[in-house]
Amino acid sequence: MDSSEWDARYASTDLIWSAQPNRWVEAEVADLPPGQVLDLAAGEGRNSIWLAALGWRATAVDFSSIALEKGRSIAAKQADGRAERITWHQADVLEYRAEPGGYDLVLLVYLHLPPAERHLVLRHAADALAAGGVLLVLGHDTTNVADGTGGPQDTSVLFTPSDIVADLATSGVTLRIEKAERVLRDVEGADRPAIDALVRATALGES
Ligand SMILES: C[S@@+](CC[C@H](N)C(=O)[O-])C[C@H]1O[C@@H](n2cnc3c(N)ncnc32)[C@H](O)[C@@H]1O
């Protein structure tokens with residue numbers, strides 16, 4: 001889907017994604033001290049908004065201006081200072097280059113791209129990590145189409161944990177892979193869970 005299709009989707013309803021952070025983001029990030037987070041393909045910003053409430057400074061990037069506007073307005077309704085800690089940036093993540101080494105945490109959550117584009121974005125994401133920074137990649141697993149629930153049905157844009165690990169191996173940044181696994185997520189009303197691919201890695205420095 002291009003940005004106008006995403007804009008139309010975001011304009012068609014109040015909130016597409018939950019107001020709460022994604023459960024895996026919450027579980028993987030809760031133990032990290034607040035710092036700078038880069039949220040690539042941030043959508044309505046549920047993860048950035050939650051992190052900003054914890055004291056993180058967030059850069060939320062998406063190519064849908066409508067999604068970003070929704071996120072900005074949700075954050076602005078909270079009187080706890082989180083809105084001031086989020087920068088909303090409209091850009092295509094295929095072209096966007098964040099400050100190299102500028103981030104303690106980079107999120108790539110449910111961004112589904114063809115393999116060559118995914119590889120490019122992962123390289124940019126890894127470049128943005130400070131030494132010791134954490135990269136969290138999460139998406140619908142390839143097996144979700146046959147064995148899970150919901151999500152894109154085009155397997156050419158889905159990935160497995162091993163696909164991400166292979167992409168990261170050629171990112172030019174030395175990473176310690178801490179988790180590369182399939183995780184199951186219960187979906188209300190569905191008779192079987194969704195299958196997500198989750199990779200968590202820490203940057204050790206330039207290779
Ligand atoms: C499934 S949503 C996930 C949003 C958010 N990460 C979350 O979990 O709530 C995917 C998002 O990717 C964005 N997106 C897709 N391709 C993009 C691109 N090339 N550049 C920037 N954003 C993109 C869409 O606009 C959409 O907001």
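All figures in this text were calculated on a predicted structure; none of them were measured in a lab.

Here we look at the overall build of the chain
Link 1 in the chain: In terms of regular secondary structure, the chain is built from 7 helices and 7 strands.
Link 2 in the chain: Starting at the N terminus and ending at the C terminus, the chain contains elements arranged as α-α-β-α-β-α-β-β-α-β-α-α-β-β.
Link 3 in the chain: Against the compact-globule benchmark of 17 Å for 207 residues, the chain has a radius of gyration of 16 Å, which places it among compact chains.
Link 4 in the chain: Each of the 207 residues in the chain was classed as buried or not, and the buried ones make up 42%.

Considerations on the pairing of strand 5 (residues 129–140)
Link 1 in the chain: Of all 12 residues in strand 5, 9 are buried; the element is thus mostly enclosed.
Link 2 in the chain: Where strand 4 (residues 103–109) and strand 5 come together, 6 bridges link them in parallel fashion. Along strand 5, the bridge assignment pairs Tyr103 with Leu129.
Link 3 in the chain: Running through helix 5 (residues 115–127), the crossover from strand 4 to the neighbouring parallel element strand 5 is right-handed.

Things to note about the nonpolar core
Link 1 in the chain: By size, the foremost hydrophobic cluster in this structure holds 52 residues, and its most contacted members are Leu40, Val106, Leu107, Leu108, Ala125, Ala126 and Leu135.
Link 2 in the chain: Once residues lying within four places of it in the same chain are set aside, the contact partners of Leu135 are Val106, Ala125, Ala126, Leu129, Leu175 and Ala201.

Focus on the packing of helix 1 (residues 3–11) against helix 4 (residues 65–76)
Link 1 in the chain: One can describe the packing of helix 1 onto helix 4 by two numbers: an axis separation of 7 Å at closest approach and a directional angle of 40 degrees. Taken together, the axes of helix 1 and helix 4 lie oblique to each other. Along its contact with helix 1, which presents Trp6, Asp7, Tyr10 and Ala11, the element helix 4 presents Ser65, Ile66, Ala67 and Lys70.
Link 2 in the chain: Residues belonging to the contact of helix 1 with helix 4 are distributed by class as follows: 5 nonpolar, 1 polar and 2 charged.

A few points about the packing of helix 5 against helix 7 (residues 161–169)
Link 1 in the chain: Running from N to C, helix 5 and helix 7 point in directions that differ by 60 degrees, and their axes come no closer than 9 Å. Comparing the axis directions of helix 5 and helix 7 gives the class oblique. Between helix 5 and helix 7 the crossing geometry is right-handed. Residue-level contacts link Arg118, His119, Leu122 and Ala126 of helix 5 to Ile164, Asp167 and Leu168 of helix 7.
Link 2 in the chain: Of the residues that constitute the contact of helix 5 with helix 7, the class distribution is 4 nonpolar, 1 polar and 2 charged.

Some points on the pairing of strand 1 (residues 36–40)
Link 1 in the chain: Where burial is concerned, most of strand 1 is hidden: 4 out of the 5 residues are buried.
Link 2 in the chain: Crossover handedness for the path strand 1 to helix 3 (residues 46–53) to strand 2 (residues 57–62): right-handed.
Link 3 in the chain: Of the strand pairs in this sheet, strand 1 and strand 4 are connected by 4 bridges, and their pairing is parallel. Directly across from Leu40, in strand 4, lies its bridge partner Leu108.

What to know about helix 3
Link 1 in the chain: Here helix 3 lies mainly inside the structure; 6 of its 8 residues are buried.
Link 2 in the chain: Here helix 3 has its buried residues at Arg46, Asn47, Ser48, Ile49, Leu51 and Ala52.
Link 3 in the chain: Where helix 3 is buried, its residues meet helix 2 (23–29), strand 1, strand 2, helix 4, strand 3 (86–90) and strand 4.
Link 4 in the chain: Of the residues one or two after helix 3, Gly55 is the one with positive phi, at around 105 degrees.

A few points about the environment of Leu111
Link 1 in the chain: Considering the arrangement of structural elements, one finds Leu111 in the loop between strand 4 and helix 5.
Link 2 in the chain: Excluding residues within four positions of it along the chain, Leu111 makes contact with Leu40, Ala41, Val121 and Gly139.

Concerning unusual backbone geometry
Link 1 in the chain: Although it is not a glycine, Ala41 adopts a positive phi angle of roughly 60 degrees.
Link 2 in the chain: Structurally, the position occupied by Ala41 is in the loop between strand 1 and helix 3.
Link 3 in the chain: A positive phi angle, near 60 degrees, is found at Tyr110, a position not held by glycine.
Link 4 in the chain: For Tyr110, the location among the structural elements is in the loop between strand 4 and helix 5.
Link 5 in the chain: Using a count of 16 C-beta atoms within 10 Å as the deciding quantity, one classes Tyr110 as partly exposed.

Cut-offs used in this document
Per chain, the residues get numbers from 1 upward, laid out in the order the sequence is written. Whole-chain, interface and lining totals are the exception, using all residues; otherwise, since this is a predicted model, local features are given only for residues with pLDDT of at least 70 and side-chain atom pairs are given and counted only at 80 or more. A helix here means a DSSP run of H or I that spans at least four residues, while a strand means a run of E at least two residues long, and both kinds are numbered starting from the N terminus. The globule rule used for comparison is 2.2 Å times the number of residues to the exponent 0.38, while the radius of gyration itself is calculated over C-alpha atoms. For the exposure call, what matters is how many other C-beta atoms sit within 10 Å of a residue's own: 20 or more marks it buried, 12 or fewer exposed, and in between partly exposed, using C-beta atoms placed from the backbone. Any two strands are treated as partners once DSSP identifies two or more bridges connecting them. When the strands point away from the viewer, a crossover counts as right-handed if the path from the first strand over the helix to the second runs clockwise. The term nonpolar core refers to a set of buried Ala, Val, Leu, Ile, Met, Phe, Trp, Tyr and Cys residues connected through C-beta atoms within 7 Å. Any two residues are considered in contact once their C-beta atoms, placed from the backbone, lie within 7 Å. All axes are obtained by fitting lines to C-alpha atoms, using only the stretch in contact for helices, and the reported angles, taken between N-to-C directions, cover 0 to 180 degrees. The labels follow the angle: roughly parallel below 35 degrees, roughly antiparallel above 145, roughly perpendicular from 65 to 115, and oblique for the rest. All amino acids are sorted into three groups, where Ala, Val, Leu, Ile, Met, Phe, Trp, Tyr, Cys and Pro are nonpolar, Asp, Glu, Lys and Arg are charged, and the leftover types, Gly among them, are polar. The sense of a crossing depends on the near helix, which, turned anticlockwise from the far helix by less than a right angle, makes the crossing left-handed and, turned clockwise, makes it right-handed.

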